[in-house]
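Below are the chains, spelled out letter by letter.
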Amino acid sequence: MTAPHSSTPPFNPPFNPPDPPPSPADSAIDLRGRTALVTGAAGGIGAACALRLAAAGARVRAVDRDGPGLDALRARAEHLPGAVEAVRLDLTDLDAAEQAAAGTDILVNNAGTQLVRPIQDFPPEEFRAVLTLLLEAPFRLLRGALPHMYERGWGRVVNISSVHGLRASAYKSAYVAAKHGLEGLSKVTALEGAPHGVTSNCVSPGYVRTPLVEKQLADQAALHGIPADSVLTGILLADSAVKRLIEPGEVAEAVVYLCGPHASFITGSTLTMDGGWTAH
């Protein structure tokens, strides 16, 4: 039996992908010729992302205010296919941050800080400082990076958010507010960037084995009057089905995946790595 005749012509949308369709057997991500900028790159997630991007062939601008940490990172990257350039910069210098992002193909907004206090005891200047580093600096970095991405018709923005960009925890008003804002900024970037071949996504992990989390253990232990080990199992991982910390390298693999051709249709999304936290 033939299908009923329709007078409506088939819809054939234009197809002009920014990346060639990947082969099913091609799992390697090749970022040679791309320039990446990673903030908070001297340690933790940022260092893992910088090394992974350089391993894929990218030229990486590793931005941090920790000079010795950047020197150690650069030494670790010496034999990788790409290169790591150390850029010592305090991202709260917003004009300098915007300038540093010029000419960037891949932007990884990772730098962060944390303070655990009840709202009534949270210093207003610290609240402002957290939002400046975690939300306003990424906005200024985007302002610096997007013109080059638009000109080339290709770009990748990966914002290291957090499960706290999706869920709240007590005593973290500034961090939760900033990460919720970063999730929204990432979505707006995705909508504006799509016609220019630019994708924007968040990677939102639970607790990662980093110095920032180690500091939280100490802060929460002091706040609740319990040992740090009890904070890890009883508070930080209480809502996680997988009872361990995430390794920085696991986050870096998610970041580099979002920069590759297999992810060219993923934008405005959040890749949640929370061990089942948000499954509740």
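Residues numbered from 1 in each chain as written. Predicted model: local features only at pLDDT ≥ 70, side-chain atom pairs only at ≥ 80, totals over all residues. Heavy atoms only, no water.

(A) Representation of the overall build of the chain within the structure. Looking only at helices and strands, one finds 8 helices and 7 strands in the chain. The C-alpha radius of gyration of the chain comes to 20 Å, within 12% of the 19 Å expected for a compact globule of 280 residues. Overall size of the chain, expressed as C-alpha extent along the three principal axes, is 75 × 50 × 35 Å. Of all 280 residues assigned to the chain, the portion counted as buried reaches 48%. Sequence-distant contacts, at least 24 apart, represent 74% of the contacts inside the chain between residues at least 6 apart. Of the roughly 13,700 Å² that the chain leaves accessible, carbon and sulfur atoms contribute 57%. (Helix = DSSP H or I, 4+ residues; strand = E, 2+ residues; numbered from the N terminus. Rg over C-alpha atoms; globule rule 2.2 N^0.38 Å. Buried < 20%, exposed > 50% of the residue type's maximum accessible area, 1.4 Å probe, protein only. Contact = heavy atoms within 4.5 Å. Areas by Shrake-Rupley, 256 points an atom, 1.4 Å probe, with all protein chains shown as cover.)

(B) Spotlight on the side chain of Thr210. Here Thr210 shows up in the loop between strand 6 (198-205) and helix 6 (211-224). A relative accessible area of 9% means that Thr210 is categorised as buried. Not counting chain neighbours up to four residues away, the residues in contact with Thr210 comprise Gly44, Ile45 and Pro248.

(C) Fine view of the packing of helix 1 (residues 44-55) against helix 8 (residues 248-259). Contact geometry of helix 1 with helix 8 gives a least axis separation of 8 Å together with a crossing angle of 50 degrees. Judged by the angle between their axes, helix 1 and helix 8 are oblique. Along this stretch, helix 1 crosses helix 8, giving a crossing that reads as right-handed. Residue-level contacts link Gly44, Ile45, Ala48, Cys49, Arg52 and Leu53 of helix 1 to Pro248, Gly249, Val251, Ala252, Glu253, Val255, Val256 and Cys259 of helix 8. When the residues that make up the contact of helix 1 with helix 8 are grouped by side-chain class, the tally is 10 nonpolar, 2 polar and 2 charged. (Axes fitted to C-alpha atoms, helices over the stretch in contact; angles between N-to-C directions. Parallel < 35°, antiparallel > 145°, perpendicular 65-115°, else oblique. Left-handed = near helix turned anticlockwise from the far one by under 90°. Nonpolar A, V, L, I, M, F, W, Y, C, P; charged D, E, K, R; others polar.)

(D) Region of interest: the confidence of the model for the chain. Of all residues in the chain, 90% have pLDDT values of 70 or greater, and the mean over the chain is 90. Taken together, the stretch residues 1-17 has pLDDT below 50 and engages in 0 contacts with residues farther than four places along the chain or on a different chain. (pLDDT = per-residue confidence, 0-100.)

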